[in-house]
Amino acid sequence: GWVPEDYNFTHNYGRGGLFRDFRNFVVHNLELPLNPVPKIGPHRIVFSVNSSDIPSRVEDFQAQMELVQQHVPSAKVESYEFKHLSLKDQVAIASEAAIFITVCGGGAVTGMFLPAGASVILFYHERGGVRGGRHGRNEPTNTPAMLDWDLFN
């Protein structure tokens, strides 16, 4: 998702079943329940905050959380910095969320562990793409930071 050629085709087209099987395998091996989203609330809305070390993708979602709490008072709104949690804790939280909200990159892969019937909302910065992010250069590309677009589309 860093260079324009990355958007010429979807790398994961037709692999939804494989990803679901992988999700169930991991959840089962972590000895967590394989439950779908409950039909009756309160539903958990989980925000993955500050999930990236790349400055253009650090988001605390404070304004969005306040709006959700104001307009959906029956929801249980939670936020986590997943990078500080164990794998098991991350999967456990995601596997019980009805809605998972994050910025692309950083914490979006955690969305693979959502239960059946859940939704993921990914925020993409229109000019947030960088080159060399893992190596500290963070050279702007002025392209969308759409690292996970083919996984969730």
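Source: prediction; values computed, not measured. (Residues numbered from 1 in each chain as written. Predicted model: local features only at pLDDT ≥ 70, side-chain atom pairs only at ≥ 80, totals over all residues. Heavy atoms only, no water.)

Caption draft 1: Examining the packing of aromatic side chains more closely. This structure, assessed with the given rule, holds five aromatic pairs. Ring centres 5.6 Å apart and planes at 70 degrees place the aromatic pair Phe82 and Phe100 in the edge-to-face group. Here Phe82 is found in the loop between β2 (76-80) and α3 (87-94), whereas its partner Phe100 is found in strand β3 (residues 99-103), with 18 residues between them in sequence. The exposure classification of Phe82 matches that of Phe100, with both residues buried. Cluster of aromatic residues (ring-pair linked, three or more members): Phe47, Phe61 and Phe123. (Phe/Tyr/Trp six-rings, centres within 6.5 Å; stacked < 30°, edge-to-face > 60°. Helix = DSSP H or I, 4+ residues; strand = E, 2+ residues; numbered from the N terminus. Buried < 20%, exposed > 50% of the residue type's maximum accessible area, 1.4 Å probe, protein only.)

Caption draft 2: Quick peek at the sheet that holds β2. If you trace the four strands from one edge of the open sheet to the other, you get β2-β1-β3-β4, paired in parallel fashion. Each edge of the open sheet carries a strand with a single partner, namely β2 and β4 (119-123). Ignoring strand direction, the axes of neighbouring strands in this sheet form an average angle of 15 degrees. With five bridges connecting them, β3 and β4 associate as parallel partners. Each bridged residue has a counterpart across the sheet, and for Thr102 the counterpart in β4 is Leu122. (Pairing = 2+ DSSP bridges. Axes fitted to C-alpha atoms, helices over the stretch in contact; angles between N-to-C directions.)

Caption draft 3: How the structure looks around the nonpolar core. Grouped together as the largest cluster of nonpolar side chains are ten residues: Ile45, Phe47, Val49, Phe61, Met65, Val68, Ala75, Val77, Ile101 and Val103. Mapped onto this core, the elements with two or more residues apiece are β1 (44-48), α2 (62-71) and β3. If sequence neighbours within four positions are ignored, Ala75 has contacts with His43 and Ile45. With nine residues, the next largest nonpolar core counts Val27, Leu30, Ala94 and Met112 among its residues. (Core = buried A, V, L, I, M, F, W, Y, C linked by side-chain atoms within 4.5 Å. Contact = heavy atoms within 4.5 Å.)

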